[in-house]
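# Tertiary structure, described
Chain residues, written in single-letter form:
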Amino acid sequence: GRFGADAPRVPVETASGREDGLHWRTRELLHVAPDGAVGAIPARSHTVVPVASLPLVADDLLATGVLQRRFAPGAQLRLARDEDGPARLLVQTGAHRGAAEPPVVRVAAGRRFQVAADGFWQVHAAAADTLSAAVRAAVPAGEFRLGLDLFGGVGLLAAALAARVPRVLTVASAPAAARRARL
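A brief look at the structure comes next. What you see is a predicted model, and the numbers here were worked out from it, not measured in a lab.

Here we take up the pattern of salt bridges. Close approach of charged atoms lets side chains of opposite charge pair. The final tally for this structure, using the stated rule, is five salt bridges. A salt bridge links Asp60 to Arg81, with the nearest nitrogen and oxygen atoms 2.8 Å apart. Remark: Arg81 occurs in the loop between strand E4 (76–80) and strand E5 (88–92) and Asp60 occurs in helix H1 (residues 59–62); sequence separation between them is 21 residues. On the basis of relative accessibility, which here comes to 21%, the residue Arg81 falls in the partly exposed class.

A word on the pairing of strand E8 (residues 146–149). In E8, alternate side chains face the same way, and those of Gly147 and Asp149 are buried while those of Leu146 and Leu148 on the opposite face are not. Where E8 meets strand E9 (residues 167–170), four bridges bridge the pair, whose relative direction is parallel. Looking across to E9, one finds that Gly147 is bridged to Val168.

Let us now look at the pairing of strand E1 (residues 27–32). Walk down a regular strand and you will see the side chains alternate between the two sheet faces. Most of E1 sits inside the fold, with five of its six residues counted as buried. With five bridges connecting them, E1 and E4 associate as antiparallel partners. Bridge pairing in E4 links Leu29 to Arg78. Bridge count between E1 and strand E2 (residues 38–40): two bridges; the pairing is antiparallel. Across the sheet, residue Val32 finds its bridge partner in E2, namely Val38. A loop of five residues connects E1 with E2, the two strands running antiparallel in sequence, and Gly36 in this loop sits at a positive phi of about 90°.

Quick look at unusual backbone geometry now. Although it is not a glycine, Arg44 adopts a positive phi angle of roughly 55°. The residue Arg44 is located in the loop between E2 and strand E3 (49–50) in this model.

Both the distance between ring centres and the angle between the ring planes are used here to describe each pair of aromatic rings. In this structure the tally under the stated criterion is one aromatic pair. Plain terms: the ring middles of Phe113 and Trp121 are 5.5 Å apart, the flat faces sit at 45° to each other, and that makes the pair tilted. The exposure class of Phe113 is buried, given its relative accessible area of 4%. Residue classification places Trp121 among the buried residues on the basis of a relative accessible area of 6%.

Rules and cut-offs
Here the residue numbering is sequential within each chain, running from 1 through the sequence in written order. Only residues with pLDDT of at least 70 are given local features in this predicted model, and only at 80 or more are side-chain atom pairs given and counted; all residues enter the totals for whole chains, interfaces and linings. To get the side-chain values, all heavy atoms of the structure are used, and hydrogens and water are removed first. Any carboxyl oxygen of Asp or Glu that lies within 4 Å of a side-chain nitrogen of Lys or Arg is treated as forming a salt bridge with it. A run of H or I in DSSP counts as a helix once it spans at least four residues, and a run of E counts as a strand once it spans at least two, with each numbered from the N terminus. Burial here depends on accessible area, computed with a 1.4 Å probe over protein chains only, as a share of the maximum for the residue type. Under 20% is buried, over 50% is exposed, and the range in between is partly exposed. At least two bridges found by DSSP between two strands is the condition for calling them paired. Any two rings among Phe, Tyr and Trp, with Trp reduced to its six-membered ring, count as a pair given centres within 6.5 Å; such a pair is stacked if its planes are under 30 degrees apart, edge-to-face if over 60, and tilted if neither.

Keep in mind these numbers describe shape, not what the thing actually does.
Rendered as structure tokens:
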């Protein structure tokens, strides 16, 4: 943000999860190298760097065996947690689009959300509940007639606002996500 030394200081609390700080990611995007190995692409690069472990990725996602397998060179691999079944491993080649896959179901603040298999969802296991609680805490019930969620997606924050205001307008740049927010 380049605010300088006089920038306001905001306390940051630790999110719930494992004490060692590992295995909290519930989504991951990986790439396949020319030899079929799974890896990541560093910033400002187009080269896949194979990885032997993913210490931040949740155990159920690693249980898909993604690191022990070989895939078609150039493919993208998306891992996503699904509340209604096992973790998903979506293999995307140039012709395959993840939006055609059944949606992933996520639960936050006691509500179910459908997210495209390759769509956005908060990556930390505790983030969706934490953000929902922060919105509910910041918006007094009955004080406003309209709430705006300008990064609407599938409706996570709009749902939290709806618990506090009678009407919520949400804006999303992804039409498929906006359609799912209406469900």
